[in-house]
Amino acid sequence: MSRNVEELHAIPAAEEVLRDMPTEQQHGGVGQQQQHNGSMDLTGAPSVELLRSLYLGTTNPSISGRIGERRGSTSITFTTVPIEFPPVTRLDPFNKKRILVTGGAGFVGSHLVDRLMLMGHDVICVDNYFTGSKTNIAHWIGHPNFELIRHDVVDPIMLEVDQVYHLACPASPVHYQSNPVKTLKTGFFGTYNMLGLSKRVKARFLLASTSEVYGSPEEHPQREGYWGHVNCIGPRACYDEGKRVAEALAYSYARQDGVDIRVARIFNTFGPRMNWNDGRVVSNFILQALRGEDLTIYGDGAATRSFQYVHDLVDGLIKLMASDCTEPVNLGTPQEYTIEEFARLSIDLVSEVRAGKETTKSKIIHLPPVTDDPPKRRPDITRAKERLGWEPKWKVREGMLETIVYFLQTLQP
Ligand SMILES: O=C(O)[C@H]1O[C@H](OP(=O)(O)OP(=O)(O)OC[C@H]2O[C@@H](n3ccc(=O)[nH]c3=O)[C@H](O)[C@@H]2O)[C@H](O)[C@@H](O)[C@@H]1O
């Protein structure tokens, strides 16, 4: 029988688990620069602790004061009067950009918003809240550099900005398959509208594309030069083909109208602020292990994925936007796990977080395979290394521990 959330109280406080987690000294700062003033360096690369305070709210009294106490209480309180906003870099007017992030209230988008805000830019967050949530960016509401607009990118919008990070689109198979026509409309019309906006105001445009453009790959690992192997009539086609047409649109606008484009092909990414009902393997396995439920592997568990932690991805997106690289760039972690290995790792890490309390009773069970599930996926990141000077810094284990702590906080009343 599954457990309810009250039983999760028997788990060490997040602070205890976080004590052993990486610091900026180990990571050289999330933005890979060394920190000097304890929270941010001169280029705006924030410390891990500062970022952590934005999604593990209880570690920072000023933030937890805004979003309410999450642990040990049955209520959550919000205030429109901030005690204090997180500190942002003071940028001179020549370096301060107006940046639009579509899907900015989503999992990846909200981490990107955090980073751009901390760097001192003006950020406009556009989201229709289909899979995003206002709570992901609640800590910025009211900040003079921040604007939040409820809008669906399928419809046009007029904004004046210098850069556009176009992330808006459901990314989990469960969500994007729940309304495939809408997913295709988002892929085409959403990208078309944001490219039109970029053309009108001469903004640099970055498309969040996906490893799914490679489909069920016949080349392994996947290089950007590989054209892919996609079933255009299968259940995943709405997303895969939606992103492929989005790329085609981006390159057509670049050729025809000179729009300054960047294209990131994002491989499996995980971290805090994933939806608890996301349906992707990381959140499923963590939640199942925390609740003592069996971990559900679709198929025989031999499929492989490479998992990157969200802070690494955000570093890559910001570096790509700042670069002169107009070719598509893979952003992902080359370390590959079978889903079976990843299930065992998830059980071990949840047990580690619960150390001294109770080991999870979860076992691994196999369910029927999913149609068109790619059997293997691993990025070749040579181009990102050479052109952006980027490679992932976070180990899967470190990111998983932090994500487990996040889910504990989210589930606890
Ligand atoms: O996480 C992501 O960023 C990616 O998630 C999905 O791609 P997919 O690799 O299918 O992601 P998952 O749903 O997490 O599945 C990974 C593997 O685990 C398996 N799985 C998933 C969930 C589960 O409970 N059990 C399980 O065995 C899936 O069948 C698949 O083989 C999206 O389609 C991608 O666009 C997105 O980039």
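Up top is the structure these notes are about.
Residues numbered from 1 in each chain as written. Predicted model: local features only at pLDDT ≥ 70, side-chain atom pairs only at ≥ 80, totals over all residues. Heavy atoms only, no water.

### Some remarks on the overall build of the protein chain
Definition in use: We count a stretch as a helix when DSSP gives it H or I for four or more residues in a row; a strand needs E for two or more, and each element gets its number in order from the N terminus. Note on exposure labels: buried denotes an accessible area under 20% of the residue type's maximum, exposed denotes more than 50%, and partly exposed covers the range between, all computed with a 1.4 Å probe on protein chains only. Whether two residues touch is decided by their heavy atoms; if any such pair falls within 4.5 Å, the residues are in contact. Methods summary: accessible areas were calculated by the Shrake-Rupley approach with a probe of 1.4 Å, and residue burial reflects only the protein chains presented.
From N to C terminus, the protein chain includes 13 helices and 13 strands. Counting every position in the protein chain, which comprises 413 residues, the buried fraction comes to 58%. If you take every contact in the protein chain between residues at least 6 apart in sequence, the share linking residues at least 24 apart comes to 78%. Total accessible area on the protein chain is roughly 17,200 Å²; 52% of this is exposed by carbon and sulfur atoms.

### Examining the sheet that holds strand β1 (residues 98-102)
For the record, the criterion: In short, DSSP must find at least two bridges between two strands for them to pair. Angles run from 0 to 180 degrees between N-to-C directions of axes, and those axes are lines fitted to C-alpha atoms, restricted for helices to the stretch in contact.
One open sheet accounts for 7 strands, arranged β3-β2-β1-β4-β5-β6-β11; its pairing is parallel. With partners counted over all chains shown, the strands left at the sheet margins are β3 (146-150) and β11 (328-331), one partner each. Looking at each pair of strands side by side, their axes are set apart by 20 degrees on average, direction ignored. As judged from the 5 bridges shared by β1 and strand β2 (residues 122-127), these two strands associate in the parallel manner. From the neighbouring strand, Arg98 faces β2, where its bridge partner is Asp122. On the sheet, helix α10 (residues 310-322) packs against β4 (163-166), β5 (204-210), β6 (261-266) and β11 and is oriented at approximately 160 degrees with respect to β6.

### Here's the deal with unusual backbone geometry
A cis amide bond links His220 to the next residue, Pro221, at an omega of -10 degrees. Within the fold, Pro221 resides in the loop between β5 and α8 (237-257). One non-glycine residue with positive phi stands out, namely Asp372, at about 65 degrees. Inspection of the secondary structure assignment puts Asp372 in the loop between β13 (364-367) and α12 (382-388). Given the relative accessible area of 30%, Asp372 is considered partly exposed.

### Side note on the site of the ligand
For clarity, the threshold we go by: In this text, near means that some heavy atom of the residue lies within 4 Å of the molecule or strand in question. In protein, a polar contact means a hydrogen-donor-capable atom and an acceptor-capable atom, both N or O and within 3.5 Å, with residues adjacent in sequence counting only if both atoms are side-chain atoms; elsewhere, any N or O pair within 3.5 Å suffices. Amino acids are sorted into nonpolar (Ala, Val, Leu, Ile, Met, Phe, Trp, Tyr, Cys and Pro), charged (Asp, Glu, Lys and Arg) and polar (every other residue, Gly among them).
Near the ligand lie 23 residues; those nearest to it are Arg236, Val281, Thr296, Arg305 and Asp373. Between an oxygen atom of the ligand and a side-chain N or O atom of Asp373, the distance comes to 2.6 Å. Across the complex, the protein chains shield 96% of the 690 Å² of accessible surface that the ligand would expose by itself. Looking at the shell around the ligand, the elements that each hand over two or more residues are α6 (173-178), α9 (281-291) and β8 (295-298). Looking at side-chain class alone, the shell around the ligand contains 11 nonpolar, 6 polar and 6 charged residues.

### As for the packing of α9 against helix α11 (residues 339-353)
Going by this rule: An angle below 35 degrees is read as roughly parallel, one above 145 as roughly antiparallel, one from 65 to 115 as roughly perpendicular, and any other as oblique. If you view the pair so one helix is near and one far, a crossing is left-handed when the near helix is turned anticlockwise from the far one by less than a right angle, and right-handed when it is turned clockwise.
Following both chains from N to C, one finds α9 and α11 inclined at 45 degrees, their axes separated by 9 Å at the closest point. Considered as vectors, α9 and α11 are oriented oblique to each other. Seen from above, α9 lies across α11 with right-handed handedness. Judged by residue contacts, Val281, Val282, Phe285, Ile286, Ala289 and Leu290 of α9 engage Ile339, Phe342, Ala343, Ser346 and Val350 from α11.

### A look at the environment of Leu287
When you line up the elements, Leu287 lands in helix α9. Among the residues examined, Leu287 registers a relative accessible area of 4% and is labelled buried. For the pair Leu287 and Val350, spaced 63 residues apart in sequence, the C-alpha separation works out to 9.3 Å.

### Examining the side chain of Ser209
Among the secondary structure elements, Ser209 is positioned in strand β5. Setting aside its immediate chain neighbours within four residues, Ser209 contacts Lys243, Glu247, Val263, Ala264, Arg265 and Ile266.

### Some details on the environment of Gly279
Within the secondary structure, Gly279 is located in the loop between β7 (269-270) and α9. Remark: the alpha-carbon pair of Gly279 and Tyr129, spanning 150 residues in sequence, is separated by 17 Å. Apart from the residues lying within four places of it in its own chain, the contact partners of Gly279 are Val174 and Asn284.

### Here we look at the pairing of β11
Taking every second residue as pointing to the same face, both faces of β11 are buried, with Pro328 and Asn330 on one and Val329 and Leu331 on the other. With 4 bridges connecting them, β6 and β11 associate as parallel partners. Residue Ile266 lies in a different strand from β11, and its bridge partner there is Leu331.

### Quick notes on the packing of helix α3 (residues 48-55) against helix α5 (residues 107-118)
At a minimum axis separation of 11 Å, α3 and α5 run at an interaxial angle of 130 degrees. The pairing of α3 with α5 is recorded here as oblique in orientation. The element α3 and its partner α5 pack so that their crossing is right-handed. The segment α3 lies against α5, with Leu50, Leu51, Leu54 and Tyr55 engaging His111, Asp114, Arg115 and Leu118. The class makeup of the residues in the contact of α3 with α5 is 5 nonpolar, 1 polar and 2 charged.

### What to know about the packing of aromatic side chains
The condition that has to hold: Side-chain rings of Phe, Tyr and Trp, where Trp is taken by its six-membered ring, are said to pair if the distance between their centres is within 6.5 Å; with planes under 30 degrees apart they count as stacked, over 60 as edge-to-face, and otherwise as tilted.
Applying the stated criterion to the full structure yields 12 aromatic pairs. Aromatic side chains Phe270 and Tyr309 sit 5.5 Å apart centroid to centroid with 55 degrees between the ring planes, which places their arrangement in the tilted category. Residue Phe270 is found in strand β7, and its partner Tyr309 is found in strand β10 (residues 308-309); the two are separated by 39 residues along the sequence. For the pair Tyr309 and Trp394, a centre-to-centre distance of 4.6 Å together with 40 degrees between the ring planes defines the contact as tilted. Placement of the pair is Tyr309 in strand β10 and Trp394 in the loop between α12 and α13 (396-411), with a sequence separation of 85 residues. Overall, the relative accessible area of 1% leaves Tyr309 in the buried class. With a relative accessible area of 6%, Trp394 lands in the buried category. Aromatic ring contacts, followed pair by pair, group Phe285, Phe307, Tyr337 and Phe342 into a single cluster.

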